[in-house]
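Reading the structure
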Amino acid sequence: MNPSVSLSEIDFRDSANKLNVKETYSAIHQLKQTFEKELSSALNLTYIEAPLIVFSGTGVNDNLNGSETPVRFTASDIGEQSIEIVHSLAKWKRMALQRSGFSNGEGLFTRMNAIRRDEIVGNHHSIYVDQWDWERVISHEERTLGTLRQTVETIYNAIKNTEKQLNERYACFANKLAETITFVTSQQLEDEYPNLTPKERENEAARQYGAVFVMQIGGLLKSGIRHDGRSPDYDDWSLNGDILVWNPVLKSAFELSSMGIRVDEASLELQLGLAGCSERMELDFHRALMAGELPYTIGGGIGQSRLCMFLLEKAHIGQVQASIWPERIVNEYKGLGITLL
C-alpha cells in the first residue's frame with residue numbers, strides 16, 4: 001500500500017501552527033503517559049522491559065510480510081551466532097507471558113523500538129518504529145470474534161479517553177474520533193468496492209464511519225488477492241484486524257493499531273502451509289507452541305508516533321518522532337514551515 005499522502009491534500013496551516021516544537025515535545029510526553037495509564041488499566045496490563053535485539057534463527061522475530069530483512073550483526077563477546085534488531089515483539093511477548101507466570105486475564109505491555117530497514121518512508125512511515133506492544137492471556141474458549149470485538153472497543157475507548165484529556169489541556173485541538181468504532185471484514189470491503197484497491201477501500205470506510213476495525217487480514221479474498229500482508233505465525237487470520245480512523249489533516253484513512261487473537265496449534269499449521277513456509281515449524285518458537293508450552297493470547301501493537309501524530313494533528317510522523325529522512329523530504333517540509341525532528 002502507498003505509505004504517503006500527496007502534499008496537495010494536507011492542510012499545513014493546522015499542522016504547523018497549533019504547537020511549536022518545544023510545546024510539541026511536552027504534549028507528546030503527556031499524551032504517552034495518559035494513554036499508557038488508560039490502556040494498562042483497561043486491559044489489566046503490567047509494564048515490562050523489552051529487547052531491542054534477539055538471536056536470529058529462533059523464529060522469535062516478527063517476519064512482517066515475509067519479504068523484509070532485519071538488521072543483523074554479530075557481537076564480539078557473544079560468539080558467531082547472528083543477532084538481529086526486532087521488527088516487532090509479536091511472538092516474543094507470548095514467550096514472556098509464559099516465562100513470567102502471567103495468568104488468564106492478565107497481560108503485559110512495553111514500549112517497543114524497532115528498525116524496519118525496508119520501509120518506504122512517507123507521511124506516516126519511518127524506518128524507526130515505536131509502538132506500545134501488548135499481549136494478554138486468554139483461554140482457548142475465548143478465541144472468539146466476541147473477545148476480539150470487546151478488546152477492540154476497550155482499546156478504542158482508551159484512545160478516546162486520551163483524546164478527551166489532551167483536548168482539555170490544549171484548547172487548540174478538536175475531537176476527531178467517532179463516538180463508536182465500526183466492524184467490517186476485508187471481504188465485505190471488497191464486495192462493496194470491487195473496483196477499488198485495498199487502500200482506497202480503507203479510505204472509503206474510514207471516511208464513512210470515522211473509525212473502523214477491518215477484520216480478517218492475511219488470507220486470500222474471493223478475488224484471489226490479499227487485503228494486506230500479514231505474517232502467518234502470530235495472528236490468526238480469521239480473528240485479527242486493524243484499527244483505522246479518518247485523519248482530517250491527511251484526509252485519508254490512518255492506521256493506529258494492528259492486533260488479533262494469536263494462532264493456536266491448528267491455525268499455525270494451516271497458515272504456514274498456505275504461506276508456503278511450513279519449514280518454520282522446526283524453529284524454537286513454533287516447536288514450543290505446537291508442544292502446548294505457550295499460553296493462548298490476544299495482542300497487538302499501537303503506534304506511539306502514529307497516535308501522537310493523529311491526536312496532535314501533525315502532517316508528518318517526523319514532527320513527533322526523532323528519526324532520519326531523505327534530504328528531499330526534509331527540504332520539502334521546511335519550505336512549508338514544518339520542522340522534522
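Structure: above.
Starting afresh in each chain, residues are numbered from 1 along the sequence in its written order. Residue-level local features of this predicted model are given only where pLDDT is at least 70; pairs of side-chain atoms are given and counted only at 80 or more, and the full residue set underlies all totals for whole chains, interfaces and linings. Water and hydrogen atoms play no part in the side-chain values, which are based on all heavy atoms of the structure.

1. A word on the sheet that holds strand β4 (residues 83-85)
What counts here: Only when DSSP finds a minimum of two bridges between them are two strands counted as paired. Comment: elements are numbered from the N terminus, with helices defined as DSSP H or I runs of at least four residues and strands as E runs of at least two.
Taken together, the three strands give an open sheet; going across it, the order is β2-β4-β3, and neighbouring strands pair in antiparallel fashion. The open sheet has two edge strands, β2 (53-55) and β3 (72-73), and neither has a second partner. Looking at chain direction, β2 and β4 are connected through three bridges and run antiparallel. Looking across to β4, one finds that Ile 53 is bridged to Ile 85.

2. Details of the layout of surface pockets
Where we set the bar: In this analysis a 1.4 Å probe is tested at points of a 1 Å grid over the protein atoms alone, and where it fits but cannot get out there is a cavity; an open set with protein on both sides within 12 Å along at least five of seven lines is a pocket; lining residues have an atom within 4 Å of a point. Grid points are joined across faces, edges and corners, and a volume is the space filled by probe spheres set on the points.
Put simply, the second largest pocket is a space of about 270 Å³. Along the walls of the second largest pocket sit 17 residues, with Asn 61, Asn 63, Pro 70, Arg 72 and Glu 84 positioned nearest its centre.

3. Digging into the pairing of strand β11 (residues 297-303)
The line we're drawing: In this scheme, a residue with accessible area under 20% of its type's maximum is buried, one over 50% is exposed, and one in between is partly exposed, where area comes from a 1.4 Å probe on protein chains only.
For β11, the buried fraction is high: seven of the seven residues fall into the buried class. Of the two faces of β11, the one lined by Thr 297, Gly 299, Gly 301 and Gly 303 and the one lined by Ile 298, Gly 300 and Ile 302 are each fully buried. Inspection of the sheet shows strand β6 (residues 128-137) paired to β11 by seven bridges, in the antiparallel sense. Within the sheet, the bridge partner assigned to Glu 135 lies in β11 and is Gly 299.

4. Description of the pattern of salt bridges
Rule in force here: Whenever a carboxyl oxygen of Asp or Glu lies within 4 Å of a side-chain nitrogen of Lys or Arg, that contact is scored as a salt bridge.
Per the counting criterion, the structure on display carries 19 salt bridges. For the salt bridge of Glu 168 with Lys 164, the shortest nitrogen-to-oxygen distance reads 2.9 Å. Of this pair, Glu 168 and Lys 164 both sit in helix α4 (residues 145-169), separated by four residues, roughly a single helical turn. With a shortest N-O distance of 2.5 Å, Arg 262 and Asp 235 are connected by a salt bridge. You can see Arg 262 sitting in strand β10 (residues 252-262) and its partner Asp 235 sitting in strand β9 (residues 235-247), a full 27 residues away along the chain. Pair check on accessibility: Arg 262 and Asp 235 agree, each one buried. Here the salt bridges share partners, and the residues they tie into one network are Lys 93, Asp 133, Glu 135, Arg 230, Asp 235, Asp 242 and Arg 262.

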